[in-house]
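# A look at the structure
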Amino acid sequence: MATSKGSKILRQFDLSSRNTLKIAAIADAYIRISRLSDVAVAIDFAKTHSMDIFPIGDGSNVLLGDLSSTLVLDVAIKGIRVLEESSNDVLVEVAAGENWHNWVVASIKRGWYGLENLALIPGRVGAAPIQNIGAYGREVGTYIERVRYFDLASCDNGNSVTEQEISAEDCLFSYRDSIFKSQLAANILITAVIFRLSKNFSAELSYPSLKSVFLNNKPLSITAKAIVEAVIKIRREKLPDPDVLPNVGSFFKNVEVDQTAFDSFFSANPRAPYYITEHAGSSKKRYKIPAGWLIEACGFKAKKYGSLGMHE
């Protein structure tokens, strides 16, 4: 057992309560990262015992397998700190271990807007940039200024453990993607995300399921709090509670295609729903086809494979 101001490394740790599928994967070693100094302790331990390092948050988008010879890092660093503030916006540093939904609710209560459509997405703040999480017309990358992280892989070469920072531009955010899933995919431990949020609320109601909730409302009467409440209601109707039915939520990407592919697809599937998308620097239309519709059209709705299956 290794310790650092109260933190400790546990052996043969059962992660069944640390993932939303409730899989009883056993980590060879486990440490709760509640402060930056714990990272150095973890790296030293992993080197000494020739272990791989695997960071984890709430385990809401993972399928855990063999974790022998693995040190699992439970990223639980907390804190919300204002870095800059003006009459129009605010720059806020949020630690990676903060619960994502709680952070969204807290930001709205403080009069900081932009994240309201992303309410109730499971997981912690540190996971948000990796997937560039998005919902109901908004993506988190739009509101990220910088990301702080440790490159755990670089420590294998004898380098010191130092926190690094990357700008939003260099994060290469795109639809459910970022540099953290490609060039920086190996053993990245995100420690904090720095957001720039507006103090002037503007409702995003482009998605039909959300727009229909406010059909009878005058634009100026719609509040950020009301959007959060509507998103929570919609998500709870669509997705089962993992505490009741273990699941990894909806991790599918909608399919985005160009005009030629869309024309071919739509001629064969004239009733398929779709959305027209626009990208900065491009005048060409692209079309987004909902993954949920495709899954159902392919016959996978409610399909079971042993103890695993698609929700009904």
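This section reports on the structure supplied with the text.

Turning our eyes to something else, we now look at the overall build of the protein. Per the secondary structure count, the protein includes seven helices and 17 strands. Computed over C-alpha atoms, the radius of gyration of the protein comes to 21 Å, within 12% of the 20 Å expected from 2.2 N^0.38 for 312 residues, which places it in the range of a compact globule. Here the protein holds 312 residues, and the buried ones make up 43% of them. Here the contacts in the protein between residues at least 6 apart in sequence split such that 60% fall between residues at least 24 apart. Here the protein has roughly 16,700 Å² of accessible surface; of this, 51% comes from carbon and sulfur atoms.

Below, the discussion takes up the sheet that holds strand 7 (residues 89-95). The strand order across the open sheet formed by five strands is 6-7-12-10-11, and the pairing between neighbours is antiparallel. Two strands lie at the open edges of the sheet, namely strand 6 (80-85) and strand 11 (164-167), each paired on one side alone. On average, each strand axis in the sheet is inclined to that of its neighbour by 20 degrees, with strand direction left out of account. Of the pairings in the sheet, the one linking strand 6 to strand 7 comprises five bridges and is antiparallel in character.

Let us look at unusual backbone geometry. In the Ramachandran plot, tyrosine 136 falls in the positive-phi region, its phi being about 50 degrees despite a non-glycine side chain. Looking at where tyrosine 136 falls in the secondary structure, it is placed in the loop between strand 8 (134-135) and strand 9 (138-139). The exposure class assigned to tyrosine 136 is buried, which follows from its relative accessible area of 10%. Backbone geometry at leucine 172 places phi at a positive 55 degrees, although glycine is not the residue there.

Quick look at the packing of aromatic side chains now. Note on aromatic pairs: each is described by the distance of the centres and the angle between the planes. In the structure shown here, the tally under the stated rule is 14 aromatic pairs. Pairing phenylalanine 266 with tyrosine 274 gives two aromatic rings, centres 5.4 Å apart and planes at 80 degrees, and the pair type is edge-to-face. Look at phenylalanine 266 and you get partly exposed, because its relative accessible area is 26%. Taken together, Trp100, Trp103, Trp112 and Phe195 form an aromatic cluster joined through their ring pairs. Stacked on the ring of tyrosine 175, the Lys or Arg lysine 288 has its end atom at 4.2 Å from the ring centre.

Turning next to the nonpolar core. Counting 65 residues, the largest nonpolar core has Leu71, Trp100, Trp103, Phe180 and Phe195 as the members making the most contacts within it. Listing elements by their share of this core, those giving two or more residues are strand 3 (26-33), helix 1 (37-48), strand 5 (70-75), strand 7, helix 2 (100-109), strand 10 (144-151), strand 12 (188-198) and helix 5 (224-238). The element that contributes the greatest number of residues to this core is helix 5, accounting for seven residues. Beyond its immediate sequence surroundings of up to four residues, phenylalanine 195 is in contact with Val90, Leu91, Val92, Val94, Trp100, Trp103, Leu115, Val125, Val140, Tyr143, Ile144 and Glu145. Ala25, Tyr30, Leu64 and Leu67 belong to the second largest nonpolar core, which has nine residues in total.

Right, let's talk about a nonpolar patch on the surface for a bit. Residues Phe300, Tyr305 and Leu308 make up a contiguous nonpolar surface patch of roughly 310 Å² in combined accessible area. Mapped onto the secondary structure, tyrosine 305 falls in strand 16 (residues 304-305). By relative accessible area, tyrosine 305 is classed as partly exposed at 48%.

Before going further, it helps to examine the side chain of glutamate 98. Looking at the element boundaries, glutamate 98 is found in the loop between strand 7 and helix 2. Look at glutamate 98: it is buried, it has no salt bridge, and the nearest opposite charge is lysine 78 at 5.3 Å.

For lysine 304, the position within the fold is in strand 16. Residue class for lysine 304 comes out exposed when judged on its relative accessible area of 56%. Distance from lysine 304 to serine 86, taken between C-alpha atoms, is 53 Å for residues 218 residues apart in sequence. Contact partners of lysine 304, with chain neighbours within four places excluded, come to Gly309 and Met310. A polar side-chain atom of lysine 304 sits 3.4 Å from the main-chain carbonyl oxygen of alanine 302.

Definitions and limits used
- Think of each chain on its own: its residues are numbered from 1, step by step along the sequence as written.
- In keeping with the model being predicted, local features are shown solely for residues with a pLDDT of at least 70 and side-chain atom pairs are shown and tallied solely at 80 or more, while totals for entire chains, interfaces and linings include all residues.
- Hydrogen atoms and water are omitted, and side-chain values are computed over all heavy atoms in the structure.
- The numbering of helices and of strands both runs from the N terminus, where a helix is a DSSP run of H or I of at least 4 residues and a strand a run of E of at least 2.
- The globule rule used for comparison is 2.2 Å times the number of residues to the exponent 0.38, while the radius of gyration itself is calculated over C-alpha atoms.
- Partly exposed residues are those whose accessible area sits between 20% and 50% of the maximum for their type, while under 20% is buried and over 50% is exposed, using a 1.4 Å probe and protein chains only.
- Working rule for contacts: check all heavy atoms of both residues, and any pair within 4.5 Å makes them a contact.
- Shrake-Rupley sampling with a 1.4 Å probe provides the accessible areas, and residues are treated as covered by the protein chains on show and by no other component.
- Paired strands, in this sense, are two strands between which DSSP finds at least two bridges.
- For helices, the fitted line uses only the C-alpha atoms of the stretch in contact; every axis is such a line through C-alpha atoms, and the angle between N-to-C directions lies from 0 to 180 degrees.
- Each pair of aromatic rings taken from Phe, Tyr and Trp, with Trp reduced to its six-membered ring, is defined by centres within 6.5 Å and is described as stacked if the planes are under 30 degrees apart, edge-to-face if over 60, and tilted in the remaining cases.
- Whether a charge sits over a ring comes down to the Lys NZ or Arg CZ being within 6 Å of the ring centre and within 35 degrees of the ring normal.
- Definition used in this section: a nonpolar core is a set of buried Ala, Val, Leu, Ile, Met, Phe, Trp, Tyr and Cys residues joined via side-chain atoms within 4.5 Å.
- Surface patches are defined over residues having more than 30% relative accessible area and no salt bridge, joining like charges when they lie within 9 Å and nonpolar side chains (Val, Leu, Ile, Met, Phe, Trp, Tyr) when within 5 Å.
- Salt bridge, as used here: a side-chain nitrogen of Lys or Arg that lies within 4 Å of a carboxyl oxygen of Asp or Glu.
- In this charge count, Lys and Arg are treated as positive and Asp and Glu as negative; neither His nor the chain ends contribute.
- Here a polar contact means two N or O atoms within 3.5 Å. Within protein one must be a hydrogen donor candidate and the other an acceptor candidate, and residues neighboring in sequence count only if both atoms are side-chain atoms.

Geometric descriptors of this kind do not, in isolation, establish any biological role.
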